Every structure is written in structure tokens, then in C-alpha cells.
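Listed here are the chains, written in short residue letters.
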Amino acid sequence: MGDSAVTAQGSTSPKSAKSPKSASSPIEPGAATAGQALVADENPDAHFEGDGDSTYDTEGGSDTTSLRSSIMKYRTENGRTYHAYKDGSYVLPNDDVENDRLDVQHNIFLLTFGGLHVASFEKEPQRVLDVGCGTGIWSIDFADEHPESHVTGIDLSPIQPPFVPPNVNFYVDDLEDDWNFSSPFDFIFARFCTGSIVNWPKFFKQSFDNLNSGGIIELQDIIFPTFCDDDTLPPDGPLKRWSDLLLECFESVGRGITSAYLYPEQLAEAGFVDVNVVREKWPTNRWPKDKRYKQIGIWNTDNMINALPSLSLALFTRPKEEGGLGWSLPELEVLLAGVRKDIRDPSIHGYWKIHAVTARKP
């Protein structure tokens, strides 16, 4: 795995793909302390004077050529497509519906952390690696903000846009294979890779070995299951059941979605120093009183409603011998109907933990 991987899209034009809507907001980050319980809004349906653009309706021939052809032959299940290269390594779809959701999710991260990253640099990074780059939106935005940097995005699917800034390149490859990049990086960024990496200690060792001295790694990740601080999440309700089953499914295939808890310890064991964790929360909907978290919750309702089939279809309906639950599609749809109702219900004060972990190579 490395610089010789199959190119998905190259740097052919400075035109870039941006977030679907502006992430600018008059609400200052840190308006509430993420480590504390959020206060519920007693009137969550009242008009919210936030960023209007951020509000969603809550209801609502050669070997290379041969290889490129093979990675485009996506696996199709239940009307959704999944990556072909290293089939099964990533259980979420790669179709347009999912890609649009990932771009919305990108905007939620901008609102959550106030920018593309929480890491600070003593000097501008020259070489940057975007791990599991998805649609490439983070790579493109970072390249636009740091024109002196060169960004390499790696993903299992060639779903990135064809027109990107000249300082961006995308490759189809598997970062769980051995790395053989031609030069080390100054910044390695990984977002929402929980559930994708089996061997995190190996990943951190390879990251350490492929960073320059003083280089920084940052991971932004979600932690399951769904949390609640005031017992408003019914323990036998659809959202809690789905969340617990999803956690069980990922653990059964060796790709647990609580991996962010272990990042600080594993980074230190790999040799990193100055390990820091920024803890945040994504509310299920508009229920928080705090305006910043209310805005994040409004965005996250749309994100999670669209994420339900993406997260669930493969894991719930694939046979048990493939790591699934063996459910029928109608069975799953009945459960997800209840989950959607719970996610939209402002009387249920659920949230997901979001951690940003940074560390430096001495």
C-alpha cells in the first residue's frame, strides 16, 4: 500500500467540491462544556435564531486498467452499492445517497470543532495524509486552506470528484496493508474510522513510522452506543435496541465502534507524545437548550435518519456466517421506523460522544 496505488482521481483542475451549505455560525464553540450534561430545552419547537443555512426540516486493457475496472464493479445489496476493493472491509454503502450524507456530516464536524481540525501546527504541514477520505471533501477543503500543503487521500472506493485542487491526489488502497509511501508526512488525519480498522496498534505504529519528527496525528470519531444522562432514553425502546445491536454487530466482525476510548493509550504505546482529547457531543435532535448544541442536533437529525439504512442494511441482513444478524428486510424496516421516531423525539435526550484525539511524534 502506498504511492503506487491505483489513482482514483488526480489533480486536474483547481475547481473544488465544497460543503453543501456554509458551516459559518454566530454561535461560539464551547458555549457549553461537553463533559457536562446538556440542559434540555423546555420548548424545543420554538423558533431557533441560528444559522438559517444550517437548519433542516426535522421531518423530513493494462493491469492498471483491469484493476480500475474491478474496483468499479461495486457489490449491490438491497438497492445500495458497496466498495468492491477489499469487499467487506467497510460495511457502509458508497452510493450517491451515502456520499451526500457524508458531506452533510462533514459540516457537522466543522460546527463541532470550529474548523477542519483541532491540531495546531508550529509550521505549515507540507505533506498531509487523509485516512479513509470518503468523498474527499476534507482533503479538498484542507488543500484550499493550505495551498502550500500536498494532500493525499486514501479510500477503498473511488468516489472522489474528478476536479480537485492541484495539491490533492486520491488513491484507492487499504491502509490496513503495509505502508510504503515514498516520503513521510507532517500531518495524518483520520475521521470516522471506527468500525473500519481491525488492528489499531498496527495503524498507529505505521502512522508513527510515516511521520516526520514533530509530525501530528489527529483522529475524530464517534463512540457508540447512544448515551443519555437523564433516563429519557427508554431502555427497551427502538433507538436503544438498534444502538446496542449495532454495537454488537461491529464487535462480532472485529471492528468495534468504541475504539476512540483506546486511542490515547494506544498512541502513547506507539511512541507519540502530547496526547490530547477534545470531548464533544452530537445530540439526536433539537432538544438541548444551548444554541450551539441545538444547531448540531438539528443537523445530526438529518445525518442520523439518513445513516440508519447505511449503518444497518449490511450488518442486519447479511447471513450470520458473514457477520450479519440474518434479519429480513421487513424486520429491519419495522425496527428502523421506531428508531426514526425516537431520533426525532425532543423528549428523548440522547446523544453520541464525539472525540478528537491529537498526538505528536517527538
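See above for the structure.
Note that the structure is predicted; figures quoted are calculated from it, not measured. What you see as residue numbers is a count from 1 along each chain, following the sequence as written. Only residues with pLDDT of 70 or above have their local features reported here, since the model is predicted, and side-chain atom pairs are shown and tallied only from 80 upward, although totals for entire chains, interfaces and linings are computed over all residues. Just so you know, side-chain values use all the structure's heavy atoms and leave hydrogens and water out.

**Details of the overall build of the chain**
What counts, and what does not: Working definition: helices are DSSP H or I runs of at least four residues, strands are E runs of at least two. Numbering for both runs from the N terminus. Buried means the residue's accessible area, taken with a 1.4 Å probe over protein chains only, is under 20% of the maximum for its type, while exposed means over 50%, and partly exposed covers the values in between. Where accessible areas are quoted, they stem from the Shrake-Rupley method and a 1.4 Å probe; at the residue level, only the protein chains shown are allowed to cover.
A tally of helices and strands in the chain yields 8 helices and 10 strands. Looking at the chain as a whole, 57% of its 362 residues are labelled buried. Carbon and sulfur atoms make up 50% of the accessible area of the chain, which totals about 15200 Å².

**Remarks on the nonpolar core**
Rules: The definition of a nonpolar core used throughout is a set of buried Ala, Val, Leu, Ile, Met, Phe, Trp, Tyr and Cys residues joined through side-chain atoms within 4.5 Å. When checking whether two residues touch, look at their non-hydrogen atoms; a contact exists if any pair is within 4.5 Å.
Judged by nonpolar contacts, the single largest core of 41 residues is most densely connected at Phe-224, Trp-242, Leu-246 and Phe-316. Secondary structure elements with two or more residues in this core: helix 2 (96-113), strand 8 (211-228), helix 5 (238-252), helix 7 (291-317), helix 8 (329-344) and strand 10 (350-360). Not counting residues within four places of it along the chain, the set of residues in contact with Phe-316 comprises Trp-242, Leu-245, Leu-246, Leu-325, Gly-326, Trp-327, Leu-332 and Leu-335.

**Digging into the pattern of salt bridges**
Our working rule: Any Lys or Arg side-chain nitrogen found within 4 Å of a carboxyl oxygen on Asp or Glu counts as a salt bridge.
Scanning all chains against the criterion turns up 9 salt bridges. Lys-240 serves as the salt-bridge partner of Asp-244, at 2.6 Å between the closest nitrogen and oxygen. Of the two residues, Asp-244 and Lys-240 are both situated in helix 5; the distance of 4 residues between them amounts to about one turn of the helix. On the accessibility criterion, Lys-240 (23% relative accessible area) is partly exposed.

**Considerations on unusual backbone geometry**
Backbone torsion omega between Phe-224 and Pro-225 reads 5°, so that peptide bond is classified as cis. Residues other than glycine seldom take positive phi values, yet Phe-192 does so here, at roughly 55°. Among the structural elements, Phe-192 can be located in the loop between strand 7 (185-191) and helix 4 (200-209). One non-glycine residue, Asp-274, adopts positive backbone phi at about 55°. A residue is classified by how much of its surface remains accessible, and Asp-274, at 52% relative accessible area, is exposed.

**Some words on the environment of Ala-119**
For Ala-119, the position within the fold is in the loop between helix 2 and strand 4 (127-131). Owing to a relative accessible area of 9%, Ala-119 belongs among the buried residues under this scheme. When the C-alpha positions of Ala-119 and Glu-218 are compared, they lie 6.9 Å apart, and in sequence the two are 99 residues distant. Residue contacts for Ala-119: discarding those within four places in its chain leaves Phe-187, Ile-216, Glu-218 and Thr-358.

**What to know about the environment of Thr-358**
Among the secondary structure elements, Thr-358 is positioned in strand 10. Along the primary structure Thr-358 and Val-278 are separated by 80 residues, whereas in three dimensions their C-alpha atoms are 8.5 Å apart. Once you skip the residues sitting within four places of it in the chain, Thr-358 turns out to touch Val-118, Ala-119, Ile-217, Glu-218, Asp-274, Val-275 and Asn-276.

**Thoughts on the pairing of strand 7**
Keep this limit in mind: Strand pairing is defined by DSSP finding a minimum of two bridges between the two strands. Viewed with both strands pointing away, a crossover whose connecting path from the first strand over the helix to the second turns clockwise is right-handed.
For strand 7, a buried count of 7 out of 7 residues is recorded, marking the element as mostly surrounded by other parts of the structure. Note that strand 4 and strand 7 share 4 bridges and pair parallel. Residue pairing for strand 7: Val-128 is matched across the bridge by Phe-187. In the sheet, strand 7 pairs with strand 8 via 6 bridges, with the strands oriented parallel. What sits directly across from Phe-187, in strand 8, is Ile-216. Taking the sense of rotation as the criterion, the β-α-β connection linking strand 7, helix 4 and strand 8 turns out right-handed.

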